[in-house]
Amino acid sequence: MKEIRVAFAGVGNCAGSLVQGVEFYRKKKNRASLSGLMHYNLGGYLPGSITFVAAFDIDKRKVGKPLHKAIFSKPNCTMAFQKVSPMDNVKVSMGHILDGVSEHMDQYHEDRRFIISDTRPVDVVKILKQTQTDVFLNYLPVGSEKATAFYADACLKAGVGFINCVPVFIASQKSWADKFEIRGVP
């Protein structure tokens, strides 16, 4: 079965838990030890079918780092439950900020807020095409409406499936749904 090539924006707690979870279940072969998964085999795809190929963030503690290290960088605070195999070929790229950082976050200690990288944002469409991404996960902070629209549009241009993991309306808006349908992109 073909691999599922996954990219995402927002290398935060949810993304870190997903990367650890895929690694955890990839190593499990014993059905009795599969607590937590509804289906180990989903239409022929297994946890090991998922390959992370690109990641985007704006925090200087993550940008430029290999993904397997960036998921444990501040301000992330999710529990580390699985050692992750090195992914030196997947470095976190500088994303586009837009409305992805709330002004009030400046009032928090730096261990609990974003520290914006001075690195120039990358060409997201180009990276999605180069990495042959199949599916893009949007893990941006809640309220990132412009940034979510930016990444949804990048997925349309690159022909990449878009899964929105934040409460910003994309699939439920007819204009967005029509754009994805016209291009044949899930």
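Caption draft 1: Geometry of the pattern of salt bridges. The tally for this structure, following the rule as stated, stands at seven salt bridges. For glutamate 23, the salt bridge identified is with arginine 26, shortest N-O distance 3.4 Å. Note that glutamate 23 and arginine 26 are positioned in helix α1 (residues 13–27) at a spacing of three residues, about one turn of the helix. Given a relative accessible area of 5%, glutamate 23 falls into the buried group. Glutamate 23 serves as the salt-bridge partner of lysine 27, at 3.5 Å between the closest nitrogen and oxygen. Separated by four residues within a single helix, lysine 27 and glutamate 23 lie in helix α1, roughly one turn from each other. If you follow the salt bridges from partner to partner, you end up with Glu23, Arg26 and Lys27 in one network.

Caption draft 2: View of the packing of aromatic side chains. Throughout the structure, instances matching the rule amount to 10 aromatic pairs. For the ring pair phenylalanine 8 and tyrosine 139, a centre distance of 6.3 Å and an interplane angle of 75° mean the geometry is edge-to-face. Of the two residues, phenylalanine 8 sits in strand β1 (residues 4–9) while tyrosine 139 sits in the loop between β4 (135–138) and α4 (145–158), which places them 131 residues apart along the sequence. The class of phenylalanine 8 is buried, set by a relative accessible area of 0%. Ring plane angle 85° and centroid distance 5.1 Å describe the contact between phenylalanine 150 and tyrosine 151, whose orientation is recorded as edge-to-face. On the basis of relative accessibility, which here comes to 2%, the residue tyrosine 151 falls in the buried class. Among the aromatic residues, ring-to-ring pairing joins Phe56, Phe136, Phe150, Tyr151, Phe162, Trp176 and Phe180 into one connected group. Between the NZ or CZ atom of lysine 179 and the centre of the ring of tryptophan 176, over which it lies, the distance is 4.4 Å.

Caption draft 3: Region of the structure containing the nonpolar core. Residues Phe56, Leu128, Phe136, Tyr151, Phe162 and Phe180 are the most contacted members of the largest nonpolar core, which totals 23 residues. Those elements that place two or more of their residues in this core are β1, β2 (50–57), α3 (124–130), α4 and α5 (174–183). Beyond its immediate stretch of four places on either side in the chain, leucine 128 contacts Ala7, Phe56, Thr133, Phe136, Ala154, Cys155, Ala158 and Val160. With 16 residues, the next largest nonpolar core counts Met87, Val90, Val92 and Leu137 among its residues.

Caption draft 4: Representation of the layout of surface pockets in the model. Approximately 740 Å³ is the volume found for the largest pocket. Lining the largest pocket are 36 residues, and of these Gly12, Pro75, Phe114, Leu140 and Pro141 sit closest to its centre. For the lining of the largest pocket, the elements supplying multiple residues, two or more each, are α1, β2 and α4. If you tally residues by element for the lining of the largest pocket, the top one is α1, at three residues. Along the lines of polarity and charge, the residues of the lining of the largest pocket split into 20 nonpolar, 10 polar and six charged.

The rules we used
Residues numbered from 1 in each chain as written. Predicted model: local features only at pLDDT ≥ 70, side-chain atom pairs only at ≥ 80, totals over all residues. Heavy atoms only, no water. Salt bridge = Lys/Arg side-chain N within 4 Å of Asp/Glu carboxyl O. Helix = DSSP H or I, 4+ residues; strand = E, 2+ residues; numbered from the N terminus. Buried < 20%, exposed > 50% of the residue type's maximum accessible area, 1.4 Å probe, protein only. Phe/Tyr/Trp six-rings, centres within 6.5 Å; stacked < 30°, edge-to-face > 60°. Lys NZ or Arg CZ within 6 Å of the ring centre and 35° of its normal. Core = buried A, V, L, I, M, F, W, Y, C linked by side-chain atoms within 4.5 Å. Contact = heavy atoms within 4.5 Å. 1 Å grid on protein atoms, 1.4 Å probe; cavity = no way out; pocket = protein on both sides within 12 Å on 5 of 7 lines; lining within 4 Å. Points joined across faces, edges and corners; volume = space filled by probe spheres on them. Nonpolar A, V, L, I, M, F, W, Y, C, P; charged D, E, K, R; others polar.

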